[in-house]
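A look at the structure
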Amino acid sequence: MYLKLIVIELKSTMDQKYKKIVMKFGGTSMADMDCISKVADHIERELSNGTLIAVVVSAMAGETDRLISLADQAGNNMQQSERDVIISTGEQVSSAILSMILNRRNIDARSIQGWQIPLITRGIHGSARISNVKSNHLENLMKNGIVPIIAGFQGISEENRVTTLGRGGSDTTAVAIACGIHADLCDIYTDVDGVYTSDPRIIPVAQKMKHISFEEMLEMASQGAKVLQTRSVELAMSYNMPIRVRSTFIENDFENNTNSTNIGTVVTNEDGILEDKVVSGIAYSKSEAKVTIQQLEDKPGVAAEIFGNLADNGINVDMIVQNISADGMHTDLTFTVQETDLSSAKLVIESLSNTIKYAKLEESKDIAKLSIIGVGMRSHAGVAAQMFSVLAENAINIQAITTSEIKISVLIELKHIEKAMKALHSAYKLDQN
Ligand code: ASP
Ligand code: MG
């Protein structure tokens with residue numbers, strides 16, 4: 001009886017009609033006139049469903065790169081504020097193009113730039129943070145039947161200057177607008193049809209997930225971050241705004257099926273997900289490098305000195321492993337950084353040789369990080385043990401381990417990554433949905 005009730009309740013929330021949504025279209029969806037006309041079809045479909053919509057667009061594919069190189073030719077890094085004026089124009093163009101195409105179809109649409117909303121930001125140019133979205137203007141337009149076509153990626157600072165939100169920032173614009181106008185959902189239209197249990201290029205049997213929690217999405221960095229800007233997921237999580245990742249180009253999505261549960265992947269809070277799987281996804285990274293400091297003095301302050309200096313130099317450290325000292329005086333310390341930071345990390349450590357004594361500094365780029373992710377881990381024991389035994393059965397050695405409440409990451413030799421991913425993907429029954 002209890003179970004039946006839950007099922008009925010779940011079904012009714014899934015069948016619910018979204019009354020107000022944000023539709024965001026990325027660069028590949030805005031790439032050319034053919035693509036933009038598909039975008040217009042999606043908008044037309046939602047309007048004919050009676051949905052209240054606000055649209056957010058990215059610049060046409062490749063345009064932001066072109067503008068960045070123009071800005072680089074014109075100026076230097078000291079001129080970030082003018083640089084933002086240049087690189088924000090890609091979205092200005094695409095918002096007006098889409099509005100014109102919609103107008104030609106007799107849809108009342110109007111381009112809106114960040115400053116016209118206004119979407120107010122703080123922090124530095126080039127990676128400004130949204131501090132406030134004034135929703136009155138947008139809501140008035142929508143009430144009067146005008147579809148706002150909002151230029152993503154840009155805002156305006158307290159000093160009244162144009163700002164940009166960092167690469168991929170239109171996703172964050174879309175989520176911020178959705179929160180501002182109290183939308184039911186933020187639809188992110190892109191060139192993939194959802195988030196997968198693992199990278200389909202490595203695991204061809206990877207499955208599209210129907211749902212993923214905000215936290216899992218944040219942890220699925222290797223794939224997730226390519227689909228959505230991380231900050232947009234953080235913002236959605238703090239305001240509990242569901243995001244649906246879906247494709248602009250899949251034909252049957254053009255049908256009148258806005259509320260179908262088969263579309264895309266919904267990124268939502270855990271409560272909305274009834275999942276029997278303990279592990280929901282497998283992520284990897286080949287871009288990290290490992291540094292080992294051998295025979296490091298074992299005394300208070302050493303780790304603070306090393307990691308403090310790395311941080312001061314803008315070097316992000318990911319995994320850290322320190323052995324228990326066998327002789328009570330020395331220990332080995334291993335950590336990973338992005339490969340691109342490896343040489344600076346070594347320089348930082350070497351520059352500390354006056355204060356910090358060690359025998360040898362070793363490095364390796366021949367490593368990969370593999371992570372299993374799932375909110376189900378919170379309530380299940382033995383997940384790590386199973387992971388380690390699958391790796392052992394495949395004769396794969398683990399060099400370092402880190403865990404969080406919903407993620408276990410291991411460092412392994414690079415050449416084993418595909419074998420390890422495949423073995424774990426099937427061990428955790430992700431091959432079948
Ligand atoms: N056009 C910007 C970029 O390419 C923002 C975005 O597309 O989200 O990074
Ligand atoms: Mg993007």
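Residues numbered from 1 in each chain as written. Chains lettered and ligands numbered in written order. Predicted model: local features only at pLDDT ≥ 70, side-chain atom pairs only at ≥ 80, totals over all residues. Heavy atoms only, no water.

**Digging into the overall build of the chain**
For the chain, the helix and strand inventory stands at 14 helices and 20 strands. For 433 residues, the compact-globule formula gives about 22 Å, and the C-alpha radius of gyration of the chain, at 24 Å, lands near that figure. Each principal axis of the C-alpha atoms in the chain carries an extent, and together these give about 80 × 65 × 35 Å. Looking at the chain alone, contacts between residues at least 24 apart form 75% of all its contacts between residues at least 6 apart. Counting every atom, the chain has about 20400 Å² of accessible surface; 51% of that belongs to carbon and sulfur. Taken together, the 41 basic and 53 acidic charged side chains of the chain have centroids lying 3 Å from each other. (Helix = DSSP H or I, 4+ residues; strand = E, 2+ residues; numbered from the N terminus. Rg over C-alpha atoms; globule rule 2.2 N^0.38 Å. Contact = heavy atoms within 4.5 Å. Areas by Shrake-Rupley, 256 points an atom, 1.4 Å probe, with all protein chains shown as cover. Lys, Arg positive; Asp, Glu negative; His and termini not counted. Charge placed at Lys NZ, Arg CZ, Asp CG, Glu CD.)

**Notes on the packing of helix H4 (residues 80-87) against helix H5 (residues 89-104)**
Angle between the axes and distance between the axes are the two parameters that describe a pair of packed helices. Their axes nearest at 5 Å, the elements H4 and H5 cross at an angle of 25 degrees. In this view, H4 runs roughly parallel relative to H5, as classed from their interaxial angle. In this structure, H4 uses Val-85, Ile-86 and Ile-87 to contact H5, whose residues at the interface are Thr-89, Gly-90 and Glu-91. (Axes fitted to C-alpha atoms, helices over the stretch in contact; angles between N-to-C directions. Parallel < 35°, antiparallel > 145°, perpendicular 65-115°, else oblique.)

**Quick notes on the sheet that holds strand E5 (residues 129-133)**
Spatial ordering of the open sheet is given by E5-E4-E7-E8, a layout of four strands whose pairing is mixed. Either end of the sheet is taken by a strand with one partner, and the two such strands are E5 and strand E8 (162-164). Averaged over all pairs of adjacent strands, the angle between strand axes in this sheet comes to 50 degrees, irrespective of strand direction. (Pairing = 2+ DSSP bridges.)

**Some remarks on unusual backbone geometry**
It is generally the case that most residues other than glycine have a negative phi and that most peptide bonds are trans. Here Ile-117 and Pro-118 are connected by a cis peptide whose omega angle stands at -15 degrees. Tracing the backbone through its elements, the reader meets Pro-118 in the loop between strand E3 (109-112) and strand E4 (119-122). Positive phi, normally seen in glycine, also occurs at Gln-295, with a value near 55 degrees. The topology assignment puts Gln-295 in strand E14 (residues 288-297).

**Overview of the site of ligand 1**
Every residue close to ligand 1 is listed here: Ser-58, Ala-59, Thr-64, Glu-91, Phe-153, Arg-167, Gly-168, Gly-169 and Ser-170. Backbone polar atom of Gly-169 to an oxygen atom of ligand 1: 3.4 Å apart, as the coordinates give it. A distance of 3.0 Å separates an oxygen atom of ligand 1 from a polar atom in the backbone of Ser-170. About the coverage of ligand 1: the protein hides 87% of its 260 Å² of free accessible area. Among the cavities detected, the one that contains ligand 1 is the largest pocket. Looking at the shell around ligand 1 residue by residue, the classes come out as two nonpolar, five polar and two charged. (Near = heavy atom within 4 Å. Polar contact = N/O pair within 3.5 Å; in protein donor to acceptor, adjacent residues only side chain to side chain. 1 Å grid on protein atoms, 1.4 Å probe; cavity = no way out; pocket = protein on both sides within 12 Å on 5 of 7 lines; lining within 4 Å. Sits in = over half its atoms within 2 Å of the grid points. Nonpolar A, V, L, I, M, F, W, Y, C, P; charged D, E, K, R; others polar.)

**Details of the sheet that holds E14**
With antiparallel pairing, the four strands of this open sheet are ordered in space as E15-E16-E14-E17. Of all strands in the sheet, those bounded by a partner on one side alone are strand E15 (317-322) and strand E17 (360-364). This sheet shows a mean twist of 15 degrees between the axes of neighbouring strands, independent of strand direction. Pairing between E14 and E17: five bridges, direction antiparallel. Following the sheet pairing, Lys-290 is matched in E17 by Ser-364.

**A short note on the side chain of Ser-88**
Tracing the chain through its elements places Ser-88 in the loop between H4 and H5. Here the side chain of Ser-88 touches Asp-84 through a polar contact of 2.9 Å, landing on its backbone oxygen. One polar contact links the side chain of Ser-88 to the main-chain carbonyl oxygen of Val-85, over a distance of 3.1 Å. Beyond its immediate sequence surroundings of up to four residues, Ser-88 is in contact with Gln-154, Val-162 and Thr-164.

**So, the confidence of the model for the chain**
The pLDDT averaged across the chain works out to 92; a share of 92% of its residues lies at or above 70. Low confidence marks residues 1-15, where pLDDT is under 50. Its contacts with residues over four positions away, or in another chain, come to seven contacts. (pLDDT = per-residue confidence, 0-100.)

**Overview of the packing of aromatic side chains**
Overall, the coordinates contain two aromatic pairs when judged by the stated rule. Residues Phe-25 and Tyr-189 carry aromatic rings whose centres are separated by 4.6 Å and whose planes lie at 25 degrees to one another, so their mutual orientation is stacked. Of this pair, Phe-25 sits in strand E1 (residues 20-25) while Tyr-189 sits in strand E9 (residues 185-190); the two residues are 164 residues apart in sequence, bridging distant segments of the chain. On the basis of relative accessible area, Phe-25 is assigned to the buried category, the value being 0%. The interplanar angle of 75 degrees and the centroid separation of 5.4 Å between the aromatic rings of Phe-307 and Phe-335 together place this pair among those described as edge-to-face. In this pair, Phe-307 sits in helix H11 (residues 302-312) while Phe-335 sits in strand E16 (residues 330-338), placing the two residues 28 residues apart along the sequence. (Phe/Tyr/Trp six-rings, centres within 6.5 Å; stacked < 30°, edge-to-face > 60°. Buried < 20%, exposed > 50% of the residue type's maximum accessible area, 1.4 Å probe, protein only.)

**Side note on the pattern of salt bridges**
Considering all chains together, one arrives at 22 salt bridges under this definition. A salt bridge links Lys-24 to Asp-171; its shortest N-O distance comes to 2.8 Å. With a gap of 147 residues between them, Lys-24 in strand E1 and Asp-171 in helix H7 (residues 170-180) connect regions that are remote in the sequence. Per residue, the accessibility class of Lys-24 equals that of Asp-171, and both read buried. Put simply, Lys-407 and Glu-219 hold a salt bridge, and the shortest N to O gap is 3.2 Å. In this pair, Lys-407 is assigned in strand E20 (residues 407-413) and Glu-219 in helix H8 (residues 214-219), connecting sequence segments 188 residues apart. (Salt bridge = Lys/Arg side-chain N within 4 Å of Asp/Glu carboxyl O.)

**Notes on the packing of helix H2 (residues 33-48) against H5**
Two elements in contact, H2 and H5, have axes separated by 10 Å at closest approach and are oriented at 60 degrees. For the pair H2 and H5, the sense of crossing is right-handed. Counted together, Met-33, Ile-36, Val-39, Ala-40 and Ile-43 of H2 and Ile-97, Leu-98, Ile-101 and Leu-102 of H5 form the full contact between these two elements. Each residue belonging to the contact of H2 with H5 can be placed in one class, and the counts come to nine nonpolar, no polar and no charged. (Left-handed = near helix turned anticlockwise from the far one by under 90°.)

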